[in-house]
Amino acid sequence: MAHVELSLSEVFVPTARASTEPESDNFGQWSSTVGRADEPCLLIDAETRVVAISAAGCDLLCLGEPDGLIGRPLLDGGLRLLDFTANRGELTEAEIDKIPPLLALSSGRLARGLLRVQAASADSSDATVDAISTPVLADGAVAGSLTFFSEV
């Protein structure tokens, strides 16, 4: 028969530490996390400016380097979205408002959808990505959206 012995010790409770992040609010913490993430992700503010994007997100979305996008409007930063027709036309204004990062901003809810991203060069194929976005809150109001991408 097996022998089991238990011992009790004092519970270790870690002490609360002040954040060492330059911006320790919710939005600032997400910005720092996204900037260091290995996963393809993007954080935009309420005016749709890119606050942070991971290097993997830049690669997947054919956007170049993260430093060149920070502070620029998402759709002026080189992101070219196409419709899913055989003609591969650029999205209209009404269609752009329904992409997950922008829909999460306007609705204040989770948003998910497929995006067709125009390839960086003419000899490359377009990328289709699954995008899942959530609003990011600051002081109880939507301050931006956080999006994770996965190639389909």
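Everything quoted here is computed from the prediction, not taken from an experiment.

Draft legend 1. Broad picture of the overall build of the protein chain. The helix and strand inventory of the protein chain stands at four helices and six strands. Going residue by residue from the N terminus, the α and β elements of the protein chain occur as α-β-β-α-β-α-α-β-β-β. The buried share of the protein chain, reckoned over its 152 residues, is 38%. Excluding contacts between residues fewer than 6 apart, the proportion of contacts in the protein chain whose partners are at least 24 apart in sequence is 41%. Approximately 9800 Å² of the protein chain is accessible, and the part contributed by carbon and sulfur atoms is 52%.

Draft legend 2. Seen up close, the sheet that holds strand E4 (residues 111–117). Read from one edge to the other, the open sheet built from six strands follows the order E2-E1-E6-E5-E4-E3, with strand pairing classed as antiparallel. Two strands in the sheet have a free side with no partner beyond their single neighbour: strand E2 (50–53) and strand E3 (81–82). When E4 meets strand E5 (residues 127–138), the two strands line up antiparallel, connected through seven bridges. Counted as the bridge partner of Arg112 is Ile132 from E5. Packing against the sheet, helix H1 (residues 26–36) makes contact with strand E1 (41–45), E2, E5 and strand E6 (141–151), and its axis sits at approximately 150 degrees to E1.

Draft legend 3. Highlighting the environment of Ser121. Here Ser121 is to be found in the loop between E4 and E5. Overall, the relative accessible area of 30% leaves Ser121 in the partly exposed class. It is 9.1 Å that separates the C-alpha atoms of Ser121 and Cys62, two residues lying 59 residues apart in sequence.

Draft legend 4. Representation of empty space enclosed by the protein. Evaluation of the coordinates by the stated rule reveals one cavity of 30 Å³ or more. What the largest cavity holds in volume is close to 40 Å³. In this structure, the largest cavity is lined by Leu42, Leu61, Leu74, Leu79, Ile99, Pro101, Leu115 and Phe149. Of the residues in the lining of the largest cavity, the class split is eight nonpolar, no polar and no charged.

Draft legend 5. How the structure looks around unusual backbone geometry. Here the phi dihedral of Cys62 falls at roughly 60 degrees; this positive angle occurs in a residue that is not glycine. By the secondary structure assignment, Cys62 is in the loop between helix H2 (55–60) and E3. Backbone geometry places Arg88, a non-glycine residue, at a positive phi of 55 degrees. Of note, Arg88 is situated in the loop between E3 and helix H3 (93–96).

Draft legend 6. A look at the pattern of salt bridges. A full pass over the atoms with the stated rule returns five salt bridges. Here Asp130 ties to Arg112 by a salt bridge, and the two come within 2.5 Å at their closest N and O atoms. Of the two residues, Asp130 sits in strand E5 while Arg112 sits in strand E4, which places them 18 residues apart along the sequence. Under the relative-accessibility criterion, Asp130 is labelled buried at 15%. Here the salt bridges share partners, and the residues they tie into one network are Asp45, Glu47 and Arg49.

Calculation criteria
In this convention, every chain numbers its residues from 1, walking through the sequence in written order. Side-chain atom pairs in this predicted model are given and counted only at pLDDT of 80 or more, local residue features only at pLDDT of at least 70, and totals for whole chains, interfaces and linings cover all residues. Based on all heavy atoms of the structure, the side-chain values leave hydrogens and waters out of the count. Every helix listed is a DSSP run of H or I at least four residues long, and every strand listed is a run of E at least two residues long, numbered separately from the N terminus. Think of it in three bands: with a 1.4 Å probe and only protein chains considered, a residue is buried below 20% of the maximum accessible area for its type, exposed above 50%, and partly exposed in between. The contact definition used throughout considers only heavy atoms, calling two residues in contact when any of these lie within 4.5 Å. Exposure was quantified through the Shrake-Rupley algorithm and a 1.4 Å probe, taking into account, for residues, occlusion by the shown protein chains and nothing else. Strand pairing is assigned whenever DSSP identifies at least 2 bridges connecting the two strands. The angle between two axes is taken between their N-to-C directions and runs from 0 to 180 degrees, where each axis is a line fitted to C-alpha atoms and a helix contributes only its stretch in contact. Lining residues are those with an atom within 4 Å of a point, where the points come from a 1 Å grid over the protein atoms alone and group into cavities, where a 1.4 Å probe fits but cannot get out, or pockets, open sets with protein on both sides within 12 Å along at least five of seven lines. Grid points are joined across faces, edges and corners, and a volume is the space filled by probe spheres set on the points. Residues are grouped as follows: nonpolar covers Ala, Val, Leu, Ile, Met, Phe, Trp, Tyr, Cys and Pro; charged covers Asp, Glu, Lys and Arg; every other residue, Gly included, is treated as polar. Any carboxyl oxygen of Asp or Glu within 4 Å of a side-chain nitrogen of Lys or Arg constitutes a salt bridge here.

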